[in-house]
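# Commentary on secondary and tertiary structure
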Amino acid sequence: MNFLVFTLVVFAGSLFAGFLGSLTGLGGGVVIVPLLTVALGVDIRYAIGASLVSVIATSSGSAAAYLKEGFTNMRVGVFLEVATTAGAILGASLATRLPGPAIEVVFGVVLLLSVFLTLSLREPPAAEAPAVGDHGLAHRLRLSGSYPTATGEVNYAPRRVPLGFGIMAGAGVLSGLLGIGSGAVKVLALDQAMRLPFKVSTTTSNFMIGVTAAASAGIYLRRGFITPGLAMPVMLGVLAGSLVGARFLIRARPRILRFVFAFAIFALGVEMIVTGLHL
Amino acid sequence: MGSVLRYGVVLAAVLVAAGGVAYLFERWDYAEHYRMFVGSPESLTSPAAILRGALALDPASLIALGLVVLVLTPVARVAFALLAFAEQRDRLYVILSLIVLVVLSIGLTGHSL
């Protein structure tokens, strides 16, 4: 195929990634990298560079809609971003030193681990758990909030804040290393570790995703991971897809989102490992 | 704040789209599929060089400039959060936002650890 066809294929794939990303809080990166490397044979470094761009595009593109709806918790976001941005710089530095196949295998393993974590957790989704009073670190850092539902505002308070902070640092490292938004890890940390309502988790994660990715963007750019010809269709496709997806969030039910999320990640994880190990 | 963010994304998209169309116009028939990693040319790896190229209407530089603007949108979000916290006299979160901005600035210089 010539470059034009290649670009159009990338654009179409990115549309889908952006749509899925804004619905599930993933950021699109987990679809973009396997699409580019497995389906199109793109070198992993260019792929993660384009992916990082898509992550920021999804995050910023759907941001305005989320903030208006009142789900995002800015204090939680900013507080945890201290961890994610520091981790991202560490991760991006690692990415410049690891060989391509190693990054691919790490990518695949991380995807599979995410699925394992999602499916093996026995606690009910936080949206169904009763609201608890805030205490400890959540109270001292004023991390509690409320979100709108059909029956009025519902209060919530984060739990296990230090654990959430630690997981976020790891999410940052992954983001910098793999060019992903680490939306899966972030949502897991917010939802399972900190017990925030699911839609608060996804929207707050979305806010953090873009900021985390921006932290590693400079390093990626300087090393040439982000190449214009590839980043262009990815960014535009993901933006378009995420704008459409953002309109569906309020009407979507958390359980469906979880399953779509887990299934997509599993399939992609297997593909990445297969590719990285040259099977 | 939402409208600044939106304008930033729109500006980035316009730059990338404009540069993209020109880029495709030049290369639509090439066989480039990015299979081999060769890094990027000097002209696209630093903001100063990108700006120079964009002013000269080089397609790749225009795209790169759009990408830089895109990268700055999340940074703007943190800056706005900082302003909102300042307005609420929330000193703790002004400091936390500042820390995040400092880390972001370090990242944006591009020097890895």
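## Topic: the overall build of chain B
- Along chain B, the regular secondary structure elements total 4 helices and 0 strands.
- Counting from the amino terminus, chain B carries its helices and strands in the arrangement α-α-α-α.
- By principal-axis analysis of the C-alpha atoms, chain B measures approximately 55 × 35 × 25 Å.
- Expressed as a percentage of its 113 residues, the buried residues of chain B come to 41%.
- Here the analysis covers contacts within chain B between residues at least 6 apart in sequence; of these, 54% occur between residues at least 24 apart.

## Section: the pairing of strand β1 (residues 145–149) of chain A
Residue and element names in this part refer to chain A.
- Examined bridge by bridge, β1 and strand β2 (residues 152–156) share 5 bridges and lie antiparallel to one another. Bridge pairing links Y147 to V154 in β2.
- Connecting the antiparallel pair β1 and β2 is a turn made up of 2 residues.

## Section: the nonpolar core
- One finds A:V53, A:A231, A:M235 and B:L67 to be the most contacted residues of the largest nonpolar core, which totals 122 residues.
- For this core, the leading source of residues is helix α3 (residues 59–87) of chain B, giving 15 residues.

## Things to note about the interface of chain B and chain A
- Residue-level contacts link 51 residues of chain B with 58 residues of chain A.
- Sorting the residues of the side of chain B that touches chain A by element identifies α1 (2–27), α3 and α4 (91–108) of chain B as the ones contributing at least two each.
- Of the residues forming the side of chain B that touches chain A, the biggest block, 12 residues, is contributed by α3(B).
- Its residues placed into classes, the side of chain B that touches chain A shows 33 nonpolar, 12 polar and 6 charged.

## Focus: α4(B)
- The terminal C-alpha atoms of α4(B) lie 25 Å apart, and with 18 residues this matches the ideal 26 Å at 1.5 Å per residue to within 8%.
- Along α4(B), the positions that sit buried rather than exposed are B:Y93, B:L96, B:S97, B:V100, B:V103, B:L104, B:G107 and B:L108. Each buried residue of α4(B) sits inside an arc of 140 degrees when the element is viewed along its axis, so together they form one side. Exposed positions of α4(B) whose direction lies more than 90 degrees from the buried face are B:R91, B:I95, B:V102 and B:S105.
- Looking at the buried positions of α4(B), the neighbouring elements they touch are α4 (74–95) and α9 (198–223) of chain A together with α3 of chain B.

## Considering the packing of α9(A) against α3(B)
- Between α9(A) and α3(B), whose axes approach to 8 Å, the crossing angle comes to 120 degrees. What the angle tells us is that α9(A) and α3(B) run oblique. The chirality of how α9(A) crosses α3(B) is left-handed. On α3(B), the residues touching A:F207, A:G210, A:V211, A:A214 and A:A217 of α9(A) are B:V71, B:P74, B:V75, B:R77 and B:V78.
- Its residues assigned to classes, the contact of α9(A) with α3(B) shows 8 nonpolar, 1 polar and 1 charged.

## Brief notes about the confidence of the model for chain B
- Overall, the predicted model of chain B reaches an average pLDDT of 89, with 98% of residues at or above 70.
- This prediction of the complex comes with two scores: 0.84 for pTM and 0.90 for ipTM.

## Here's the deal with α3(B)
Residue and element names in this part refer to chain B.
- Given a rise of 1.5 Å per residue, 29 residues ought to cover 42 Å, and the 42 Å separating the end C-alpha atoms of α3 matches this to within 8%.
- Of all the bends in α3, the greatest measures close to 25 degrees and is centred on P74.
- In terms of burial, α3 is largely enclosed, as 21 of its 29 residues are buried.
- After α3 finishes, the residue R89 shows a positive phi value of roughly 55 degrees.

Parameters and conventions
- Residues numbered from 1 in each chain as written.
- Chains lettered and ligands numbered in written order.
- Predicted model: local features only at pLDDT ≥ 70, side-chain atom pairs only at ≥ 80, totals over all residues.
- Helix = DSSP H or I, 4+ residues; strand = E, 2+ residues; numbered from the N terminus.
- Buried ≥ 20, exposed ≤ 12 C-beta atoms within 10 Å, placed from the backbone.
- Contact = placed C-beta atoms within 7 Å.
- Pairing = 2+ DSSP bridges.
- Core = buried A, V, L, I, M, F, W, Y, C linked by C-beta atoms within 7 Å.
- Nonpolar A, V, L, I, M, F, W, Y, C, P; charged D, E, K, R; others polar.
- Expected span 1.5 Å × (residues − 1).
- Arc of directions from axis to C-beta.
- Axes fitted to C-alpha atoms, helices over the stretch in contact; angles between N-to-C directions.
- Parallel < 35°, antiparallel > 145°, perpendicular 65-115°, else oblique.
- Left-handed = near helix turned anticlockwise from the far one by under 90°.
- pLDDT = per-residue confidence, 0-100.
- Bend = angle between axes of the 7 residues up to and from the residue.

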